[in-house]
Amino acid sequence: TTTTTTTTTSTGAPKTCLAWGDPHLVSFDGRKMNYYGSGEFYLVKSTQIIIQGRYEILPKWPRASVMTGFAVGGAALGGNRLVFDNDDGVAKVHYNGKEILGEFPSTFDDEILSARYDKTVSDHQRARNQNGYLFLLPNGITLAVLRFVSKYTDLTITMPRFAGSVDGHCGNFNGDSSDDTSSALTMRGMNRPVDEKHSLFRTHIPGTESPQLDISDCDADALARAREVCDGMDVDHHYDACIFDVCITGDEELAHDEIALEELADGWFVQRLVREEAMQITQGNFLGRVQGFEEYELSFDITPKAKQSGWQSIVHFTDGPSYKNCCSEGDRVPAVWFHTGSTRLHVRASRRGSGDDGCDPEQELPLGKTSNIRVKVQYPYMLVFIDNKVACVSGNYGLGYKPRERLAVLAGDSWHKAADATVSNMVYQKARSFPEGELIGPVPIALEKGQLLGTFKTLEEFELKFDVKPLGTQPSQSSLLHFTKDLSRNQGKEGDTIPAIWFHKDSTKLHIRMSRPGAHNDGCDPGEALKLNEVTTVSVKLVGSALTVAFGEKEVCRNEKYTQRHPAEEKVYGYSADPWHLPAKAELSNMVYQKGVTWPVGTLIKEPVKLVRNTYLGTVQGAKNFELSFVVKPFSKLSGWGSIVHITADSSRDCCKNGDRLPGIWFHHRSTRLYVRSGDETNGDAGCQPTGELPLNEESAVAVRVQGGKMVVKVAGEVVCETPTTKFAKPYEPTDLLSVFAADPWYNAADATLGRLVYTSLPDA
């Protein structure tokens, strides 16, 4: 049978719905919900994909249910059906009624489904070091079973928003979380169990409508106890889920389960100091003590109300036993203030050898608006993020400070005036690793200063390709992309730009730098500006000794000094845009980073194309004996030399050193008579000139051959020019790839089309 899938157009970037526990859900639009009915319910119901979840009541908690499986069907699966069942920690997967992925590890692939059963199948924090399942479906739909323990199944559903109706316990995916409440879903019929007729499961389980339970169903004493046993958890959904579970069921063991989930998710302690309710900063306000770390992150939301004179304390972590202000190691780990008369941050963090190092962002925080601040200390850096953008970096933290005791936390401290501001969502935790970077996808993004994409592996020979749409210019050099070994440095050493790309001042001309041994600031700058409000595909390629830049298929810049290249790196950092320059006024999309390969050899053009000046076709592996053949159709006779094709060992120069023309072919001034040049060891501009003209508006087959010590030119199979056998007795022998232009950059293009362009290596005669 033939399976047909539906390919559909999505609207917007993919988003994720998370389901876990008994069961808690975070919808595509970010709404946290709880469901306690039993039976089968729609997680996602749309014209493209249907995903049903199975909820079952456990005898221990008659008011709660857990998700024990899910089933998938719909147009995206082309009539196929996928069912996942978790029977008390034993999972089984059936695809069209047949069991798959029965062994660990294992994979399954057909034209519809790509699936695997493995460890850590997702980059989601819950999946770390857990056995799980990954299902890749058509149209960009991904399901990941992050973990399955006892009856519990943790599931993520990631998909784009498709045209048409979407609903279910994952919400209606409309960008508005307010209509994803349980009551709203009840009004839309999404809290009614799926009947047997529409069930996708192998065995149907009838159910009951999900009751609309909320925290008000708990009595005050149970709620107070739940808050006590769940205290100390992260600000995210785990804290709320823990309170709800303990309060509704009365089982305090669920708090340990949720804490274990949280510690599993994060892999370290998370210590919440201020919750979501905003707290006014006051002098000497002691928040408590926390377990300190050598590598840590501190994050909080802050809303400044006014600027004051003098240093204004926001938060201060200090180590015992003396718990001082400054300036011994451990006195500030970290500490944050506003500068005098300003809302600009002053951030200090101890390291070995200095109790008062740090870095200060340049910008002020806006009054009356909430900004998220994150201070991250992780070898060998200290970074300050403002609203998830890198605002400043110090590279001095190769030797970190190890706390001696639990750290005292004050907001503000006892030694300075308190900042006139409120803080909320303050969390201190062990530092997460820098995330593995994700390249920019098909949805265009506007560039923002200090936007850290994450970490990447680089290649010695590579191609970086992306679409860019310039929207304006900046009064100084402005950043598009920056890949660097050192987060804290713009440039100055090899590895700081591998590569980095900017717009020039008041321009959309690209400034491209790519480090190489002995020249950390080498690169290639095209002379052609990108057009405003138009999308251009830019390719930066390093292969062999050549760094090239192309706009579409047209090469616009070449640097052949890369005989030595910067080696591949396991970990570099990617910015878009970097924190040292203004962000370019532009949108980026469709970014690809891949191994650099040479352009096609042999057949360079198949169907006829109109000749355009400075059109780069790629490279060929050159030979001392060769034949170049093509079909050319001239339309008029132009003033000056008219370039047809030019093959060269040095694309920076037209003539007349050895290797500059291998061969080069033109029409003469106001003529269609061929001018053919190639080189031997003594003359870089040898050749011959046929006497006849090619006919206008007709195709002529031309072949140029260098072999046996001579050059022969044929038109329509007839010899029209031949040199003596001594002319090419020692033809030029290329040692590297040759660049091919049709037409070249140095002359106007002939008014002609060119087709069936083939380069062939020949043996000695």
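Below, the structure is looked at part by part. (Residues numbered from 1 in each chain as written. Predicted model: local features only at pLDDT ≥ 70, side-chain atom pairs only at ≥ 80, totals over all residues. Heavy atoms only, no water.)

## Considering the overall build of the chain
Okay, so step 1: For the chain, the count of helices and strands is four helices and 56 strands.
Okay, so step 2: Burial status across the chain gives 55% buried among its 765 residues.
Okay, so step 3: Once local pairs closer than 6 in sequence are excluded, the contacts in the chain between residues at least 24 apart make up 65%.
Okay, so step 4: Accessible surface for the chain amounts to roughly 31700 Å². Of this, 47% is attributable to carbon and sulfur atoms. (Helix = DSSP H or I, 4+ residues; strand = E, 2+ residues; numbered from the N terminus. Buried < 20%, exposed > 50% of the residue type's maximum accessible area, 1.4 Å probe, protein only. Contact = heavy atoms within 4.5 Å. Areas by Shrake-Rupley, 256 points an atom, 1.4 Å probe, with all protein chains shown as cover.)

## Observations concerning the state of the cysteines
Okay, so step 1: Enumeration over the complete set of coordinates arrives at six disulfides.
Okay, so step 2: Disulfide pairing places Cys 359 opposite Cys 392 at an S-S distance of 2.2 Å. Sign of the S-S torsion, about 70° for the bond between Cys 359 and Cys 392, identifies this disulfide as right-handed. Linking Cys 359 in strand β23 (residues 358-359) with Cys 392 in strand β26 (residues 389-394), this pair joins segments that are 33 residues apart in sequence. No difference in accessibility class separates Cys 359 from Cys 392, as the two residues are buried.
Okay, so step 3: The disulfide bridge from Cys 524 ends at Cys 557, spanning 1.9 Å between sulfur atoms. (Disulfide = S-S within 2.5 Å.)

## Let's talk about the pairing of strand β52 (residues 710-715)
Okay, so step 1: Examined bridge by bridge, strand β51 (residues 700-707) and β52 share six bridges and lie antiparallel to one another. For Gln 707, the partnering residue across the bridge sits in β52 and is Lys 710.
Okay, so step 2: Where β51 folds back onto β52 in an antiparallel hairpin, the turn is made up of two residues, including Gly 708, whose phi is positive at roughly 65°.
Okay, so step 3: Of the pairings in the sheet, the one linking β52 to strand β53 (residues 718-722) comprises four bridges and is antiparallel in character. Residue Val 713 lies in a different strand from β53, and its bridge partner there is Cys 721. (Pairing = 2+ DSSP bridges.)

## Regarding unusual backbone geometry
Okay, so step 1: The omega angle of the peptide bond from Val 333 to Pro 334 is 0°, so this bond is cis rather than trans.
Okay, so step 2: Structurally, Pro 334 can be placed in the loop between β20 (312-318) and β21 (335-338).
Okay, so step 3: Backbone torsion omega between Tyr 379 and Pro 380 reads -10°, so that peptide bond is classified as cis.
Okay, so step 4: The topology assignment puts Pro 380 in the loop between β24 (371-378) and β25 (381-386).
Okay, so step 5: A positive phi angle, close to 55°, is found at Phe 173, a residue other than glycine.
Okay, so step 6: You can call Phe 173 buried: its relative accessible area is 5%.
Okay, so step 7: At Asn 697, a residue that is not glycine, the phi angle is positive and equals roughly 60°.
Okay, so step 8: Here Asn 697 lies in the loop between β50 (686-688) and β51.

## Some details on the packing of aromatic side chains
Okay, so step 1: Under the defined criterion, the tally for this structure stands at 21 aromatic pairs.
Okay, so step 2: Judged by centre distance (4.6 Å) and plane angle (35°), the ring pair of Trp 641 and Tyr 675 falls under tilted. With Trp 641 in the loop between β46 (626-634) and β47 (642-648) and Tyr 675 in strand β49 (residues 674-678), this residue pair connects regions lying 34 residues apart in the sequence.
Okay, so step 3: Put simply, the rings of Phe 70, Phe 84, Phe 104, Tyr 117, Tyr 133 and Phe 135 pair up and form one aromatic cluster.
Okay, so step 4: In this arrangement the basic side chain of Arg 54 is found over the ring face of Phe 201, its NZ or CZ atom lying 4.3 Å from the centre.
Okay, so step 5: We note Arg 516 situated over the ring of Tyr 562; from NZ or CZ to the ring centre the distance is 5.6 Å. (Phe/Tyr/Trp six-rings, centres within 6.5 Å; stacked < 30°, edge-to-face > 60°. Lys NZ or Arg CZ within 6 Å of the ring centre and 35° of its normal.)

## Thoughts on the pairing of strand β27 (residues 407-410)
If a strand is regular, its side chains alternate between the two faces of the sheet.
Okay, so step 1: Side chains Leu 407 and Val 409 of β27 all project onto a buried face; the interleaved residues Ala 408 and Leu 410 project onto the opposite face, where all are buried too.
Okay, so step 2: As defined by bridge partners, strand β18 (residues 286-290) adjoins β27 across four bridges and the pair is classed as antiparallel. Residue pairing across strands places Arg 289 opposite Ala 408, the latter belonging to β27.
Okay, so step 3: As judged from the three bridges shared by β20 and β27, these two strands associate in the antiparallel manner. Within the sheet, the bridge partner assigned to His 316 lies in β27 and is Leu 410.

## A look at the pattern of salt bridges
Okay, so step 1: A complete count under the given rule lists 28 salt bridges for this structure.
Okay, so step 2: The closest approach of N and O atoms between Asp 486 and Arg 489, which form a salt bridge, is 3.2 Å.
Okay, so step 3: Residue Arg 489 is classed as partly exposed on the basis of its relative accessible area, which comes to 24%.
Okay, so step 4: Through salt bridges with shared partners, a single ionic network connects Glu 40, Arg 54 and Asp 85. (Salt bridge = Lys/Arg side-chain N within 4 Å of Asp/Glu carboxyl O.)

## Observations regarding the sheet that holds strand β30 (residues 445-446)
Okay, so step 1: The antiparallel open sheet is built from six strands, whose spatial order is β30-β42-β32-β37-β38-β39. Only two strands of the sheet have a single partner each, and these edge strands are β30 and β39 (554-559).
Okay, so step 2: Note that strand β38 (residues 546-551) and β39 share five bridges and pair antiparallel. Bridge assignment links Thr 548 to a residue of β39, and that residue is Arg 558.

Geometry only, nothing functional implied.
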